[in-house]
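# Breakdown of the fold
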Amino acid sequence: MSAAPPAVAWLNGRVVDWADCTLHARSPGAFWGANVFEGLRAYWDEDAGTSRVFRLEDHLARLHRSMRALHLRTDHGDDELVRAVEDVLAGNDFRADAHVVVVVYVEAGATLDALQPTELTGVHVTAVPFPRGARYRTGLDVGVSSWRRIAHDVMPPRVKAGANYHNGRLAHHESVRNGYDTALLLNQRGTVAEGPGSCVVMVSDGQLVTPPASDGALDSLTVDTVSALAAEHLGLPTVRRPVDRTELLHADEVLLAGTLVEVQPVVSVDRVTIGDGLPGPVTRSLQDLYDAAARYGTGRPGWTHDVPVTTGVGV
């Protein structure tokens, strides 16, 4: 990731300098993480001079579902948010893969009480250059965390709320301290939920198996994409059902799926080798199919949104 900050961001209806994309420290959005968001990947196509955003409309649809669950609203419609994403990518002219985040956050109310209900919200859109992780080709060593995934009667895990991600952050940091690349979280029943910011998929008996949202996993657009590609190109169905922790150890392959990680192989769980300890053939095929769909637009119509970035957008 570049050490220099991006040039511009988008805040409440206008493009601003990166340093001016701020909200007050006492706003619930900053103070308590009271926000909902969507993270998107934009893939740079050098030949076309285009930054290609993957599944933008679907991400915005999920943003609205998160807003509804937390009783948030905004006057900025989807057309404006699409233009905001376009302006931020064009204005920064990264000419590299980027991570774009659209956030609807709670503003400070008249009483400055972060607990007080308020309909005041703001929106910011930012983007940073974001290359693939170093373990994309070689695979990840993961450990099951002692932290459990938040439950549906505690915090809504299917909602992409900023505050929810403290749960995954705790698990990830614990696993890194213990020598792993990242973590897996179990739910309150002891079955597999997800990773911090990614979903778990295993290849077993000629099918993909992944925990359902009712088990604490996010309604993942990446899993949806992988499932569609696996069915269409590999003839593999996807089954959504509870997954026991020990099932992962017996799986043919295990992978993590998410916007940032894309499709990353897992080569060990709790220092038990998965398969032969190398990324498996199904995972490799899914990586290639996903890359073609996201980077070059070979997937379904409407999955990609092209943003020419040959000219910047001024503040």
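A brief structural summary. Predicted, not measured: the structure shown is a model, and the values here were computed from it.

What the largest pocket holds in volume is close to 1100 Å³. Forming the walls of the largest pocket are 46 residues, and the residues nearest its centre are Phe37, His99, Tyr165, Gly197 and Leu260. Grouping the constituent residues of the lining of the largest pocket by class yields 20 nonpolar, 18 polar and 8 charged. Within this model, the second largest pocket holds a volume of roughly 250 Å³.

Strand order in the open sheet formed by 7 strands is β2-β1-β6-β5-β3-β4-β16, and the pairing between neighbours is antiparallel. Strands with a single pairing partner mark the edges of an open sheet, and in this sheet they are β2 (14-17) and β16 (304-308). Sheet twist, expressed as the average angle between the axes of neighbouring strands with direction ignored, equals 25 degrees. With 9 bridges connecting them, strand β5 (residues 98-106) and strand β6 (residues 121-129) associate as antiparallel partners. When the sheet's bridge partners are listed, valine 100 is paired in β6 with alanine 127.

This part takes up helix α3 (residues 78-92). A rise of 1.5 Å per residue sets the reference length of α3, with its 15 residues, at 21 Å; its end C-alpha atoms lie 21 Å apart and thus fit the reference within 8%. Those residues of α3 that sit buried are Leu81, Val82, Ala84, Val85, Val88, Leu89, Ala90, Gly91 and Asn92. After α3 finishes, the residue aspartate 93 shows a positive phi value of roughly 50 degrees.

How each quantity is defined
Residues numbered from 1 in each chain as written. Predicted model: local features only at pLDDT ≥ 70, side-chain atom pairs only at ≥ 80, totals over all residues. Heavy atoms only, no water. 1 Å grid on protein atoms, 1.4 Å probe; cavity = no way out; pocket = protein on both sides within 12 Å on 5 of 7 lines; lining within 4 Å. Points joined across faces, edges and corners; volume = space filled by probe spheres on them. Nonpolar A, V, L, I, M, F, W, Y, C, P; charged D, E, K, R; others polar. Pairing = 2+ DSSP bridges. Helix = DSSP H or I, 4+ residues; strand = E, 2+ residues; numbered from the N terminus. Axes fitted to C-alpha atoms, helices over the stretch in contact; angles between N-to-C directions. Expected span 1.5 Å × (residues − 1). Buried < 20%, exposed > 50% of the residue type's maximum accessible area, 1.4 Å probe, protein only.

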